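Here are the chains, one letter per residue:
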Amino acid sequence: MEVQWVLVCHGMVTLTVVVSFLCGHSPIFKGTPIGWIHYFLTFGAWDYLLRFVEFVFGSKGTDAVLSVEGFCCDRPNPLLQIIYLVILGSTYFITVKSSFVYIPGYYIGEVHKYMSFGAVMIGVLLFLLTSFCDPGTVNAKNVSQYVSAYPYDDIIYSEKECPTCKIPKPARSKHCSICNRCVARFDHHCGWMNNCIGEKNTKYFMAFLLWHFLLCLYGAVAIGFILAGRVKELRIVHILTTYYGIKNSFRSLAPRVLQWLVGTYNTQILLLVFFALISLLLAGFFAYHLNLCLTNTTTNEKFKWREYTSLQKKISEAKASAAALKACMSNTELERPAMSKWKGLWRRSEAKAESIVAKRNMYDKGNFQNISEIVFPLSSRQAFQKPYHKSE
């Protein structure tokens, strides 16, 4: 019974941490435990650690911690790559040692021993391709090619020079401070890959996310079939109904069968929960990046558009406020109608600002064309297709 409660508590804590980390920033969780946990995980824990180190070891200890942070977060290093390989290898090893003994089973064939190994190797291959493929480095030799491929929209991108590389900065590119290079169609720097995600390796990154989602889903389903097979082979339902007098119904049997599984196959249950949670996490990441690919937008551009729309809202708000103040000072309207007019104008300006991205993203040419640019980067094509035109 103690093992069962430990597993239940482990699952609840894991689920709470995952939900808090991913969704805790949402306004609906403001002032709730989920929001507090999100703040602690993203900001508070590190701040408290620095304070504790400074209190115990002084400024030298803090400087040492910050130097480690600089090595891990501000420069290329293989730390997260090693952690990924350790997690993947150890998880596969535990799965083999704990679950392969039940293969073949009632619902699962021996072929899955070999399929699982092949699936893991494909995941490692995609990891290596994403990590070591050139993301689209912009240099003096190819900068003109990238400038031709990605014209400026004069909204979030305008003609300028990279102050670090001292070369023209193509539209959609960004200078990565960690890699110290300009990357074409820059999306983000991925610490797990120790590489930038850009024009030439976005397709591998998307394949990596999709394949690892399917891999974890496959692992969860396979273990589920193994456990179901054990219940069938050991005739647990028959034993419960015949010798323990439990009613032969799903509502009566399900808790008892689950209790038996948790007590007998706790390692497999932990693996199943782990695979299920990671698959959900990867599904969320993949869906987010797939939406970006379908609209031909990058994570970097998402933030740029957010800053642009925020600026437009502030400008519209200032204009509306000035108009309301002018109306009040001229005594042409009562105070309440003036405020109502101001609020209505601000709301219209907010809605207008939110539609700017969809209307002004000149790089969005339809789902099919957008996906084709991920698979076949513009700068790598022998002859470019019809060039972009700015929206009027």
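The residue count restarts for each chain, going from 1 along the sequence in the order it is written. For this predicted model, a pLDDT threshold of at least 70 governs which residues receive local features, and a threshold of 80 or more governs which side-chain atom pairs are given and counted, while totals over whole chains, interfaces and linings are taken from all residues. Only heavy atoms go into the side-chain values, all of them from the structure, while hydrogens and water stay out.

Here we take up the overall build of the protein. Helix numbering and strand numbering both begin at the N terminus, where a helix is a DSSP run of H or I of at least 4 residues and a strand a DSSP run of E of at least 2. Along the protein, the regular secondary structure elements total 14 helices and five strands. In the protein, which comprises 392 residues, the proportion classed as buried is 35%. The contacts in the protein between residues at least 6 apart in sequence include a share of 66% that link residues at least 24 apart. Accessibility throughout is a Shrake-Rupley quantity obtained with a 1.4 Å probe, and a residue counts as covered only by protein chains that appear here. With the model as given, the accessible surface of the protein reaches about 23,800 Å², and the carbon-plus-sulfur share is 66%. The classification of residues rests on relative accessible area computed with a 1.4 Å probe and restricted to protein chains. Under 20% of the type maximum is buried, over 50% is exposed, and intermediate values are partly exposed. The criterion used for residue contact is that any of the two residues' heavy atoms lie within 4.5 Å.

Attention shifts here to a nonpolar patch on the surface. Taken together, Trp-46, Leu-49, Phe-52, Phe-55, Val-56, Phe-57 and Leu-66 make up a surface patch of nonpolar side chains, about 750 Å² in accessible area. Tallying contributions element by element places helix 2 (residues 33-57) first for the nonpolar patch, with six residues. Looking at the secondary structure, you find Leu-66 in helix 3 (residues 59-73). Patch membership is restricted to residues that have no salt bridge and whose relative accessible area is over 30%. Joining uses 9 Å for like charges and 5 Å for the nonpolar side chains Val, Leu, Ile, Met, Phe, Trp and Tyr. We define a salt bridge as a side-chain nitrogen of Lys or Arg found within 4 Å of a carboxyl oxygen belonging to Asp or Glu.

Turning our attention to the sheet that holds strand 1 (residues 137-138). Whether two strands pair depends on DSSP finding at least two bridges between them. Read from one edge to the other, the open sheet built from three strands follows the order 1-3-2, with strand pairing classed as antiparallel. The sheet is open, and its two edges are formed by strand 1 and strand 2 (174-176), each paired on a single side.

Classification of ring pairs rests on two measures: the distance between centres of Phe, Tyr or Trp rings, Trp counted by its six-membered ring, which must be within 6.5 Å, and the angle between planes, read as stacked under 30 degrees, edge-to-face over 60 and tilted in between. As enumerated under the stated definition, the model contains 14 aromatic pairs in all. Measuring from centroid to centroid gives 6.3 Å for Tyr-92 and Phe-117, while their planes differ by 50°, and the two rings are tilted. Taken together, the positions of Tyr-92 in helix 4 (residues 79-99) and Phe-117 in helix 5 (residues 111-132) put the pair 25 residues apart, joining distant regions of the chain. Here Tyr-107 and Phe-225 contribute two aromatic rings whose centre-to-centre distance is 6.5 Å and whose plane-to-plane angle is 40°, an arrangement assigned as tilted.

Two side chains of opposite charge can pair, provided their charged atoms sit close to one another. On inspection of all chains with the given rule, the structure shows three salt bridges. For Asp-47, the salt bridge identified is with Arg-51, shortest N-O distance 3.2 Å. Here the residue Asp-47 and the residue Arg-51 both occupy positions in helix 2, the gap between them amounting to four residues, near one helical turn. Residue class for Asp-47 comes out partly exposed when judged on its relative accessible area of 30%.

Here we come to empty space enclosed by the protein. A pocket here means an open set of points on a 1 Å grid, computed over the protein atoms alone, that has protein on both sides within 12 Å along at least five of seven lines. A cavity is instead a set of points where a 1.4 Å probe fits but cannot get out; residues with an atom within 4 Å of a point line either one. Grid points are joined across faces, edges and corners, and a volume is the space filled by probe spheres set on the points. Per the counting criterion, the structure on display carries one cavity of 30 Å³ or more. Counting residues per element, the ones that place at least two in the lining of the largest cavity are helix 7 (202-233) and helix 10 (266-294). In terms of residue count, helix 10 provides more of the lining of the largest cavity than any other element does, three residues in total. Considered class by class, the residues forming the lining of the largest cavity number four nonpolar, three polar and two charged. When residues are sorted by character, Ala, Val, Leu, Ile, Met, Phe, Trp, Tyr, Cys and Pro go into the nonpolar class, Asp, Glu, Lys and Arg into the charged class, and all the rest, Gly among them, into the polar class.

Attention now moves to the UniProt feature "transmembrane region" (unreviewed entry) in the protein. As recorded in UniProt, the sites labelled "transmembrane region" (unreviewed entry) are residues 6-24, 36-59, 79-102, 114-132, 204-228 and 269-290. Taken as a whole, residues 114-132 contains 100% helix and 0% strand, while its terminal C-alpha atoms sit 27 Å from one another. UniProt positions are given in the numbering used here, feature names are shortened, and annotations may be inferred rather than shown by experiment.

Before going further, it helps to spend a moment on the confidence of the model for the protein. The predictor's confidence in any single residue is recorded as pLDDT, a number from 0 to 100. Averaged over all residues, the pLDDT of the protein equals 85, while 87% of them reach at least 70. Here residues 334-342 is modelled with pLDDT under 50, and outside its nearest four sequence neighbours on either side it reaches eight contacts, counting other chains as well. A low-confidence stretch, residues 382-392 (pLDDT under 50), is modelled with 21 contacts involving residues beyond four sequence positions or located in other chains.

We now examine the packing of helix 7 against helix 9 (residues 250-264). Every axis in this analysis is a line fitted to C-alpha atoms, fitted for helices over the stretch in contact. Angles between the N-to-C directions lie between 0 and 180 degrees. The contact between helix 7 and helix 9 brings their axes to 11 Å, and the two run at 110°. Classified by the interaxial angle, the pair formed by helix 7 and helix 9 is roughly perpendicular. Residues Leu-227, Arg-230 and Val-231 of helix 7 form the contact with helix 9, whose participating residues are Val-257, Trp-260 and Leu-261. Tallied by class, the residues present in the contact of helix 7 with helix 9 amount to five nonpolar, no polar and one charged. Any angle from 65 to 115 degrees is called roughly perpendicular, while one under 35 is roughly parallel, one over 145 is roughly antiparallel, and all others are oblique.

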